[in-house]
Each structure stands twice: as structure tokens, then as C-alpha cells.
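Structural characterization, general
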Amino acid sequence: MAASRSTAGHLLELIRTGQAGTRGELQALTGLSRSTVGHRLDQLFAAGWLASTPGQLSTGGRPSVRLTFDTGHAVVLAADLDTTHGHAAVLDLAGTVLAERRGELRVADGPESVLTALAGWFAGLLAESGRTAAAVCGAGLSVPGPVEFDSGLVIRPPIMPGWDGYPIRDRLRAALAEQAGTPQSLPVLIDNDANLMALGEQRGGWPDCSTFMLVKVSTGIGAGVVIGGQVFRGIDGGAGDLGHIRLHDRSDARCMCGSYGCLAAVASGRAVAGQLAAAGVPAESGTDVRALLDDGQPDAVRLAREAGQRCGEVLATAVTLLNPGVLMIAGDLAETQFLTGVRELMYQRALPRATRSLQIVTSRLGDRAALAGATAMVVEHLYAPEQADRRLDSLATATA
């Protein structure tokens, strides 16, 4: 094995992903000597990243030692912003929620106000969780707009006025340092909400699915796609923007993006709420639509099914193109009537070859999906081999 594959970070990857659990297995997979493996493991134990437990008896009568990634040695701050509400939590590295808060946070109030408030939430949640600022290894943020992942910038978001090109990472990092006492250099990662929901759901419930697609239908409509274990974002974060695919027969429907005929202008939670209001049924948002559906309100039932059919038209093309194993519907309209409409049109329009192995399901994690995805995003970034090695070097320098 090449030297670049023999570092402590790569051994950690083997342990963290379950490919190896003992020193002997590490030696067999890497070809490294017993002493070299021992030295690498000493680095990981010194950093507090590994735990060990007695394993089964070996052939020599001595118990083996099982090595595991210590998911309790640090915590992640994760937040999910919707158009009018926020959901924030402190989680361990396995994604277990230690403390959480939901409340009103309106993205239309602008990034300065929202991020300052969010940092205040995290300060309280850290105290509630019993963990200190020193235990925080990173923060992950889910936003309802397109994100250029490498820069962390939201680019021309239709429903996030004032956020276009705003330095979210720097502002959130500074606000967290001021209000929660976290380091000024705290890693902060940002991605689109549908991407993080897809990542969280795929990691948590469908880890063996090589092509996983999640469609969030709430205020807008967006998709997250995980291919080969990685979120597919396109070249600049624009992948999955299903809500702005044009419908050929609805040039009268004006979208929030300024164009006409977009799927979101016809079949999103906001659009259905508008159609209900026009029919005399009080509704302003996808949340209101969901409440009416739960009550069996006839107009809501009919319109949700029609919205599902319009989404099914577009998804027939997406499924034919991507051939996913799982298509998950999430968000306010992820209920029976909407799914019925999706299935009707998709199976009618898509080739049987594209749908014969397809599972169409609803969310398993509910409103925690984006938090789970944000946590996975942070953990997989910080403990990836190269990044882990850099962090180990910094820890060694700091303690030298």
C-alpha cells in the first residue's frame, strides 16, 4: 500500500466505517507492521478519537481488543433553516441529539439577524446538553436555497432575500465565538436543505442504496441526490432544483423566482395554499395545507393529489435519467394523497425499466433529517483521512 494510505487518518477511516476493528485487521488491510499500526493508533488514542473494548478470544487464548470510533468525544452544532422557522441541535458524532430547539426564525429578516439569533440558541443548547464550547468540533447549517458548497455562499436564492453572496460561514463563526465561546477557527459547513436531508436519510436508513433521491415539497420543491455515497451537487450547487423546471401548460403561473410555469408555482406547498385560499379555504403555507390534509379537508385532498401528479410528470424524467433505487418524498406535502398522485403519473410516464426496482417512500427521520445530514457532513469532512491527519498534526504541535 502506498505511503499516503498508511497514515493515522486512513486507519481511522477503516475503523470509523467498520472495515476494521482490531489491530490484526488493520495490519491485514494495510500491510503495515505491528509496530507501525501501534504507533498510528497511539496518535488516535492520544487525540481521544478511539475507544477500545474487549473482544472475542483469539486463537491463542488471549482476548482481542475491539477498536471503535469514539462518537462521544466531541459534538456538532447543527441547524436547519426553513423560510419561517429554525431547528437547532447539539449532537454527538453518531448523530444522537443531546439538546434541541425549534422556533420562529424568518429567513426574510436577513442573515445578520438570523445567524445572531441562531448563535444564541446554540449557547443555550450547549449549556442544556452539559457539553462545553471546547467539545464542539464543527457546525453544519442547512438552508432553503442553492449553495456553492466550496465557498459556502448562497447563490441567487429565490426565497432568501438578502442572503445572496453573504459570508454566512464567517458571520456564524464569529457569532458563535461571541455568544457560545467556540473557537474563532471553528469549521462551519453549509449546504442546501434537500441535499442534507438526502444525506441524513441515506446514511441512516438506506446506506447500501447506490443512487438515492429525496424530493422535498414544502414552500418550494427541491431534490437531493446521493450517488455512490456522495451528495451530487453539480458544478456549483445547482443540481436538484426541480422546482424551477417549466411545465408546458402553465405559463400563467408566476413563480417566486420571477419566471412563469415553474413546477413550484403549481405544485409546492405554497402554491397549493394559494389555490385553497382562492377557493375560500384559509391557508397560507405548506404547514397549513398539511394540517388540512390531516383533517381530511376535501379541497386540500383533491389539490394535493393534483400537485403530486404534476410532480410525478417531472419526476418521471428524473427517475429515467438517474435510475435511483429509492425515491423519498419529504416535506409538508409528503402524505398519502400527494404520493398517490406522484405514483399515478410516474408509472404512467416513465419506462418500466426505470421503475421496476424503484422504492417510493416517505421520510423516516422527519424534521430531524437535515440535522442528521448536517452532522454527517461535518463528521465526514473533519474525520476524512487527509483532514484528520492535518488535525492530528495541529494537536501534536499544540501539545509539544
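1. Brief notes about the pairing of strand β9 (residues 188-192)
Here β9 lies mainly inside the structure; five of its five residues are buried. Where strand β6 (residues 136-143) meets β9, five bridges bridge the pair, whose relative direction is parallel. Within the sheet, the bridge partner assigned to Gly-140 lies in β9 and is Leu-189.

2. Brief notes about the packing of aromatic side chains
Using the criterion set out here, one finds two aromatic pairs in the structure. Ring centres of Trp-49 and Tyr-383 lie 5.1 Å apart, and the angle between their planes is 75°; this geometry places the pair in the edge-to-face category. Residue Trp-49 is located in the loop between α3 (34-47) and β1 (50-57), and its partner Tyr-383 is located in the loop between α13 (369-382) and α14 (385-399); the two are separated by 334 residues in the primary sequence. Residue classification places Tyr-383 among the buried residues on the basis of a relative accessible area of 0%. Measuring from ring centre to ring centre gives 5.0 Å for Phe-69 and Tyr-383, while their planes differ by 70°; the resulting arrangement is edge-to-face. In this pair, Phe-69 sits in strand β2 (residues 63-69) while Tyr-383 sits in the loop between α13 and α14, placing the two residues 314 residues apart along the sequence. Of the residues examined, Phe-69 reaches a relative accessible area of 12% and is grouped as buried.

3. Quick look at the nonpolar core
Counting residues in each nonpolar core, the largest one holds 49 residues, and the members touching the most others are Leu-12, Leu-26, Leu-41, Leu-44, Leu-93, Phe-212 and Tyr-383. By residue number, the principal contributor to this core is α13, which donates nine residues. The next biggest cluster of nonpolar side chains, apart from the first, holds 42 residues, and it includes Leu-247, Val-266, Ala-273 and Leu-339.

Reading the values: the criteria
Residues numbered from 1 in each chain as written. Predicted model: local features only at pLDDT ≥ 70, side-chain atom pairs only at ≥ 80, totals over all residues. Heavy atoms only, no water. Buried < 20%, exposed > 50% of the residue type's maximum accessible area, 1.4 Å probe, protein only. Helix = DSSP H or I, 4+ residues; strand = E, 2+ residues; numbered from the N terminus. Pairing = 2+ DSSP bridges. Phe/Tyr/Trp six-rings, centres within 6.5 Å; stacked < 30°, edge-to-face > 60°. Core = buried A, V, L, I, M, F, W, Y, C linked by side-chain atoms within 4.5 Å.

Any link to function would need more than the numbers given here.
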